[in-house]
Amino acid sequence: MLIAVLGCIYLHLKNKRESSLESTSPQKHLAMLRRPLLVMGPLGVVTAMELMFLIMGIALVCWQFGHYYYVSVKHPFMGHGREHQKEWQITFRTVSLRLGYASNISWAFVFFPVIRLSSLLPLVGLTSESSVKYHIWIGQVVMITSALHSAGFFIYWAIVNQLYLALEWSKTHVSNIAGEISWVFLIAMWVTSFAYTRRKSFEVFFYTHQLYALATFFYVVHIGVAWTMQLLPGIFLFTLDRYLRFLQSRSRARLISVRVLPGGTVEMTFSKSRGVRYNVASNLFVSVPKISTLQWHPFTVSSNDNMEPDRLSIIFKTGGSWTTKLYKELSSSSLDRVEVAVEGPYGPASTSFIKHKTLVLISGGSGMTPYISIIREIIHQSNTQKGPVPKVLLICAFKQAADLTMLDLLLPTESTPADLSNIDLEIQAYVTREDHAPAINNQDMVVHTKWFKPSPLDSPITPVLGQNSWLCLCLIITSSFVLFLALLFFVTQYHIYPKDKNTNNVYDFTIWVLWDVFLMCVSIIFISSIVFLFQKRKIAALEEKQIQNVDVPTPMTSPGSWLCGGGGELESLPYQSLVQATQVNYGGRPDLQKILLECKGDDVGVMASGPRGLRHDVARICSGFGATNLHFEYLSFNW
């Protein structure tokens, strides 16, 4: 908790002190630690730094188990009814119990990687998106240790003929049945959390993963107040983050327009306050209540905060059932307004990858989306003369020729055309399922743009805690935690202990936990609501002055029609430059090893976005001994 508070102060001072150019300088001394070290199926792409974290985490769990087991051997606790048990039976029970302690230390860390508004993750250069891998790893350790703990006790009870204890809900010590209920919820979450289920049935994964609240609640009831204190920082900060996200999502975001491209690709553009600042490759979580009131889907932000200060755009391509329904909804000719709720945007802590001399961006299908904001940032820096910009090589593979129209989105829809003459941009596009350029009528390649009427019920996307968000977060964490401790003191001192003393009984184990959970939630809700409402009043005037809607001319004919072999004439100079910089190859896949190893220079940044196999292939190439000039930049674009 102390690090979280100090981290907020540090990040606030850092933002005030450093300009965007200085803050994105590459960290040379960490380059070796960021290189891919392992590329394994269950672990994915593992860098040297991630391997260090993994080893330290496993060592901590092993130390936790070994320490408590050693103490229990030195000072055995026999307990009632165990004086007649054999020594190996007592040892077996001791091992099972200490495995539960090891599981508890894993529980203590499982929430930190998925806290989106976190000051802890940026301190080590991570965001909740890129640290989901850590959440998965820690979750696996939780499942393994808790499974061994539970199975051990069932075996022990069966051996000593005490299986009736499995149904015990004790008022004075551990509640066994609460732990078993928690384990059932964990099993459901674990079975549906594998990558195959997430890709094929995201809804199943999403809904079953919401059982985390029940699993956590019954778990803390099972372990009691004392051991819950070990979990408190993670649960406290996650609950605080979750409530702030709830407050932000209550307002409906103002959707300005959508651009519908051939191939089922859609760009959604929202109005935003200038106080919302974000980096390239940021994520925005979107919910459309008409489709689903519970589902939230992450999308990469394609707009650039410097080039489009009043707007924020995301891009999606139809694939799953949710995006297909959204595509049909936005394509409806009678639609004049769509209710959309958003959370974020949440961006990477560092954008040092833009500072490489050469930047190779490799994508498959809709994996090109994160690179749109990166290229727009490079265009902006080249036009504003903010120092040298990298040479950019974009390698993108598509299944169909119609998907080439996604290249149109590299340029923003703005009245002032982007100047591409100051950047060295090369695009190599590959169409894998067609052998030659199809003869396509220009009418088939039309980009449809739909503008939505502004509604007083909608508002621009605003920062949840205002412009000084880190200071506000510091205030909320400090105040709510102090309030929680104060309430806990009074309830314990004037209610729980007096009742124990007057009745000569131990206070109910479960009710004591319920008091702690209740006081924590009250403290978070009370303080967060006050700060949020105060900040919302400050930015209310800015929302009223926000530009409601600006019609921007959009080219009706896509330059993708030229790339696909269609005719036509492009009058826009930027689009002409884009077409000239693009080379289209049909009927094959890019030879990534040949392309990457032929890259000249000692500072080549490489990024991969798309299917799992593509990302792993790129990581293997960059980790080879002959690729010392290749610096693999890992950002998680896939959940």
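None of the values given here were measured: they were computed from a predicted structure. (Residues numbered from 1 in each chain as written. Predicted model: local features only at pLDDT ≥ 70, side-chain atom pairs only at ≥ 80, totals over all residues. Heavy atoms only, no water.)

## Here's the deal with the state of the cysteines
Reasoning step 1: Applying the stated criterion across every chain, the model contains 0 disulfides.
Reasoning step 2: In this model C472 remains outside any disulfide bridge; the closest cysteine sulfur is found in C474, 9.7 Å from its own.
Reasoning step 3: No disulfide involves C622; its nearest neighbouring cysteine sulfur is the one of C599, lying 9.1 Å away.
Reasoning step 4: C622 gets classed as buried once you look at its relative accessible area, which sits at 0%. (Disulfide = S-S within 2.5 Å. Buried < 20%, exposed > 50% of the residue type's maximum accessible area, 1.4 Å probe, protein only.)

## Observations concerning the environment of L51
Reasoning step 1: Topologically, L51 is positioned in helix 3 (residues 48–74).
Reasoning step 2: The partly exposed category is assigned to L51, whose relative accessible area is 21%.
Reasoning step 3: L51 sits 15 residues away from P36 along the chain, and the two C-alpha atoms are 9.8 Å apart.
Reasoning step 4: Aside from chain neighbours lying at most four places away, what touches L51 is L37, L38 and V46. (Helix = DSSP H or I, 4+ residues; strand = E, 2+ residues; numbered from the N terminus. Contact = heavy atoms within 4.5 Å.)

## Topic: the packing of helix 6 (residues 132–159) against helix 7 (residues 176–191)
Axis angle and axis distance: for two packed helices, these are the angle between their axes and the distance between the axes, and together they describe the pair.
Reasoning step 1: At their nearest, the axes of helix 6 and helix 7 sit 11 Å apart, and the two run at 135 degrees to each other. In terms of orientation, helix 6 and helix 7 fall into the oblique class. Between helix 6 and helix 7 lies a crossing of left-handed hand. For the pair helix 6 and helix 7, the contacting residues are Q140, M143, S146, A147, S150, F154 and W157 in the first and N176, E180, W183, L186, I187 and W190 in the second.
Reasoning step 2: Classifying every residue of the contact of helix 6 with helix 7 by side-chain character gives 8 nonpolar, 4 polar and 1 charged. (Axes fitted to C-alpha atoms, helices over the stretch in contact; angles between N-to-C directions. Parallel < 35°, antiparallel > 145°, perpendicular 65-115°, else oblique. Left-handed = near helix turned anticlockwise from the far one by under 90°. Nonpolar A, V, L, I, M, F, W, Y, C, P; charged D, E, K, R; others polar.)

## With respect to the pattern of salt bridges
Reasoning step 1: If you walk through the whole model with that rule in mind, you get 17 salt bridges.
Reasoning step 2: The salt bridge partner of E339 is R252, with a shortest N-O separation of 3.8 Å. Remark: R252 occurs in strand 3 (residues 252–253) and E339 occurs in the loop between helix 11 (321–331) and strand 9 (340–346); sequence separation between them is 87 residues.
Reasoning step 3: The class of E339 is partly exposed, set by a relative accessible area of 35%.
Reasoning step 4: Take R252: its relative accessible area is 23%, and that puts it in the partly exposed class.
Reasoning step 5: With a closest N to O distance of 3.0 Å, R277 and D305 form a salt bridge. Taken as a pair, R277 in the loop between strand 5 (265–271) and strand 6 (283–287) and D305 in the loop between strand 7 (297–300) and strand 8 (311–317) lie far apart in primary sequence, 28 residues in all. (Salt bridge = Lys/Arg side-chain N within 4 Å of Asp/Glu carboxyl O.)

That is the geometry; function is a separate question.
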